[in-house]
Amino acid sequence: MKQNKTKSSVATPPKPLQRTVRQEHHKQAAIRIPAIVVNLIAGIIFLAVITFVKNNNRGYNWMWEGLIKGNIATMEQYAEATNDQKNQERHGNFFTFMDYINKKTPENAIILMPGDSILNQLNPKLKLSGLKNRNMVTFFIYPRKAVYSDSEYDKKELSKANYVALVNLNTAQSKNDPNPKQAFSVQPLP
Amino acid sequence: MLIIGTVLTILLGFIIVQCILKQSDLLVALGLSGMVGLGIQTLYMFVSNAMGLPITAISTVIFSVVALIFFGAGYYYQTATIPFGKKYFAGFSFSKDIGSVNVIWLLSFAFTVYIVYIISLKSLFWPTYAHDALTSFDLFAKGIAREETLLNSLIMEKRVGPGAAYPPFYSLGVAYFYQIGYENANTISVLFLVFFTISFYAVSRVLLHNSTSAAFFTFMAISIPEFIGQSAINITSCPQAMMVSLSIACFMIWFNQRARINYLNLSAVLMGLAGFLRSETVVYMLPVFTLLAGLFLFKKGIKPAAVARFIILAVLPLALWQIFLKLNAGIMEKFVQIEFSHSFDSQQLATSGRLMSGIIFSAQFFGITPYIGILSLILSLIALKWGKKDLLFFSLICITFALYLLLVNQMKLKFDSMENIIQFSGKRFLFGMAILIWLSLASNRYISLLFDKLHRSLSRKKTL
């Protein structure tokens, strides 16, 4: 019995202390900062950190200014453009020529493309370098086939070519007539 | 057909993920639905074509409907005894997350939605432009869609780039989109980006048990500059990084809570589909397989059947593609650009390592991610006294990177030097690891405690 009494007296904390803890708790609750204020402060810190990182890191700066803002501006600039016009914007005269071939030839056409000797003379500013890339040309004219005399994969198809794509170097690079559209043509082969 | 085809893809993926997870975290199933649905459809397209059937929209749609009925019935019987509320809302609920909204969650959510919206808009606005997409994936897809076979005239006459030798998930996915009526191949990039963002939040939410932390780290992962820049482009690197990082995240959910074996199965499916996008996924598979084997050998709560199931599901799609390449070696050989060297060149390894470290620490490509990696490593080492989980997660990323370097070192390219490939494409190899670095920091014990405290004080919630 004696032992029990001792235990209970030890286990129970003194009453005044209990009151103090409760009072402290109430005090803390009373001065608790409203959630909206805490969120406002956290939001300002969050935005400040994000802005700091964006302004001081090349990658994030590019992402925001170039990728996001830049693309919004470009999309607004070409808002009314058709798919062909967008392709033209990206691929230049190369797309114009491919589009021309699509319009002038049937789907089963096999088109003999200009050789390297001609293509290498083209002014890079004309943006026609895609003509050298057999796969790139195929992308734009498929299911038509482009064949190149110097390609090992086109040896069998060369004799089947029924059209020839022509680039008139004089017209294409003439200073007097800068419209390169007139420099392209595709003619049926006899 | 366009709407039916798209809805079927999402529904099929949703039901399959539900079947795997049984009692689901609904947002996880919704987030993964697009990617898993398209992955299963392209697997069907590939296998059926390898068996001689043509690849047509009708055939894929019929398969999807049959699979939907099959998995739907399976799911119904699996969960018939589970009450509706528990069946769909057993895990976290997005509406509850919105209910306990705070400024960090809200700003992270708003920024993420804005970035994903602009990038998606950009993708859909422009026709295909990237060189690899034009000459390989998109072109190959055009050929498949029109000629209804993988071995089409573009392959026979080599009118397509080396991307044709890549596992065909992406090209078949674009081909399916063309066949059901989409005109812009970039739609697939949007599908991956949107569904990845949802599922990354959802999976992080399950892994981290904290909506604020999940939203913040989703925002940071989405904001990796080069990753988000390339997400708008029609190439395979970003989708593979998305699938594989989600797979590792699901694996970590299981690793942290062994009772959630369904997440291990989900991880295997995602790993398998990542392997069906790019062969180099093996560098992610090997550390996970080793870890699983270790856990099995040391009897740490995994059965041999679960290990076997994981390995089979993860390897099968890639293995099937490799078999297809071997069976059609005469035709496909000209697209394979890589040969493996049996000799070890330490000098090339040093060069590759130097070039890679230059890429990793380029602020232009990965922003602050490498420094986050260093922070994650330091915190993982400090957290060792509480357990090895944090360090283990970080080690998985490091071993994957080491295997990548080793793989690159042993590769010999037929038409280009390895230095050129690392300089121009090396950044793409690292997207998956960059995402995982953010996730490793998020799941670190100290960062978790910090975000728990932050969430409680901002949301004024006693629970997460």
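Higher on the page you've got the structure.
Residues numbered from 1 in each chain as written. Chains lettered and ligands numbered in written order. Predicted model: local features only at pLDDT ≥ 70, side-chain atom pairs only at ≥ 80, totals over all residues. Heavy atoms only, no water.

Details of the overall build of chain B
Secondary structure assignment for chain B yields 24 helices and two strands. In terms of C-alpha radius of gyration, chain B reaches 22 Å, essentially the compact-globule figure of 23 Å for 464 residues. Once the C-alpha set of chain B is aligned to its principal axes, its extents read approximately 65 × 55 × 50 Å. Counting only residues that meet the buried cut, chain B has 61% of its 464 residues in that class. By sequence separation, contacts in chain B at least 24 residues apart represent 80% of the contacts at least 6 residues apart. Summed over its atoms, the accessible surface of chain B is roughly 17,700 Å², and 70% of this surface lies on carbon and sulfur atoms. In chain B, the 33 positive side-chain charges and the 17 negative ones have mean positions that sit 17 Å from each other. (Helix = DSSP H or I, 4+ residues; strand = E, 2+ residues; numbered from the N terminus. Rg over C-alpha atoms; globule rule 2.2 N^0.38 Å. Buried < 20%, exposed > 50% of the residue type's maximum accessible area, 1.4 Å probe, protein only. Contact = heavy atoms within 4.5 Å. Areas by Shrake-Rupley, 256 points an atom, 1.4 Å probe, with all protein chains shown as cover. Lys, Arg positive; Asp, Glu negative; His and termini not counted. Charge placed at Lys NZ, Arg CZ, Asp CG, Glu CD.)

Some points on the nonpolar core
Where a protein is soluble and globular, its nonpolar side chains tend to be buried together. One finds Met-98 and Leu-131 of chain A together with Phe-251 and Leu-266 of chain B to be the most contacted residues of the largest nonpolar core, which totals 191 residues. Element by element, the count of residues in this core is highest for helix α13 (residues 237-256) of chain B, at 14 residues. Shared between two domains, this core takes at least three residues from each, and those domains are domain 1 (1-77) and domain 2 (84-188) of chain A. In this view, Phe-251 of chain B contacts Leu-264, Ser-267, Val-288, Leu-291, Leu-292, Phe-310 and Leu-396 of chain B; residues no more than four positions away in its chain are not counted. Among the nonpolar cores identified, the runner-up in size contains five residues, and Tyr-78 and Ala-81 of chain A together with Phe-125 and Trp-126 of chain B belong to it. (Core = buried A, V, L, I, M, F, W, Y, C linked by side-chain atoms within 4.5 Å. Domains from an automatic or database assignment.)

Topic: the interface of chain B and chain A
With 51 residues of chain B in contact, the opposing surface of chain A contributes 49 residues. Buried area between chain B and chain A, summed over both chains or domains, comes out near 4,600 Å², and the portion from carbon and sulfur atoms is 68%. Run the count over chain B and chain A and you get three salt bridges. The residue Arg-159 of chain B makes a salt bridge to Asp-154 of chain A at a minimum N-O spacing of 3.2 Å. Connecting chain B to chain A are 15 residue pairs in polar contact (both at pLDDT 80 or more). Every element with two or more residues in the side of chain B that touches chain A is listed here: α6 (103-125), α7 (131-147), α8 (153-156), α11 (211-222), α12 (225-231), α19 (363-366) and α24 (445-459) of chain B. Per-element accounting of the side of chain B that touches chain A gives the leading share, twelve residues, to α6 of chain B. Per-class residue counts for the side of chain B that touches chain A are 27 nonpolar, 14 polar and ten charged. (Buried area = accessible area lost by both parts, 1.4 Å probe. Salt bridge = Lys/Arg side-chain N within 4 Å of Asp/Glu carboxyl O. Polar contact = N/O pair within 3.5 Å; in protein donor to acceptor, adjacent residues only side chain to side chain. Nonpolar A, V, L, I, M, F, W, Y, C, P; charged D, E, K, R; others polar.)

Digging into the pairing of strand β3 (residues 163-167) of chain A
Residue and element names in this part refer to chain A. Counting buried residues in β3 gives four out of five residues, a clear majority hidden from the surface. As paired strands, strand β1 (residues 110-112) and β3 are joined by two bridges and run parallel to one another. Its bridge partner being in β3, Ile-111 is matched across the sheet by Tyr-163. Across five bridges, the pairing between β3 and strand β4 (residues 184-188) is antiparallel. Note on β4: the bridge partner recorded for Val-167 is Phe-184. (Pairing = 2+ DSSP bridges.)

A word on the packing of aromatic side chains
Centre-to-centre distance and the angle between the planes together describe a pair of aromatic rings. Going through the model one piece at a time under the given rule, you end up with 40 aromatic pairs over all chains. Between Phe-216 of chain B and Phe-217 of chain B, the aromatic rings sit 5.1 Å apart at their centres with planes inclined by 85 degrees, giving edge-to-face as the arrangement. Taking 5.5 Å as the distance between ring centres and 15 degrees as the angle between the ring planes, the aromatic pair formed by Tyr-404 of chain B and Phe-429 of chain B counts as stacked. Note that Tyr-404 of chain B is positioned in helix α21 (residues 389-410) and Phe-429 of chain B in helix α22 (residues 418-429), a separation of 25 residues in sequence. A single burial state applies to Tyr-404 of chain B and to Phe-429 of chain B, both of which are buried. Every member of this aromatic cluster is reached through a ring pair, and the members are Phe-46, Phe-137, Tyr-166, Phe-169, Tyr-170, Phe-192, Phe-276, Trp-321 and Phe-324 of chain B. Above the face of the Phe-125 of chain B ring, Lys-86 of chain A is positioned so that its terminal group lies 3.9 Å from the ring centre. Residue placement shows Arg-258 of chain B over the ring face of Trp-254 of chain B; its charged tip is 5.0 Å from the ring centre. (Phe/Tyr/Trp six-rings, centres within 6.5 Å; stacked < 30°, edge-to-face > 60°. Lys NZ or Arg CZ within 6 Å of the ring centre and 35° of its normal.)

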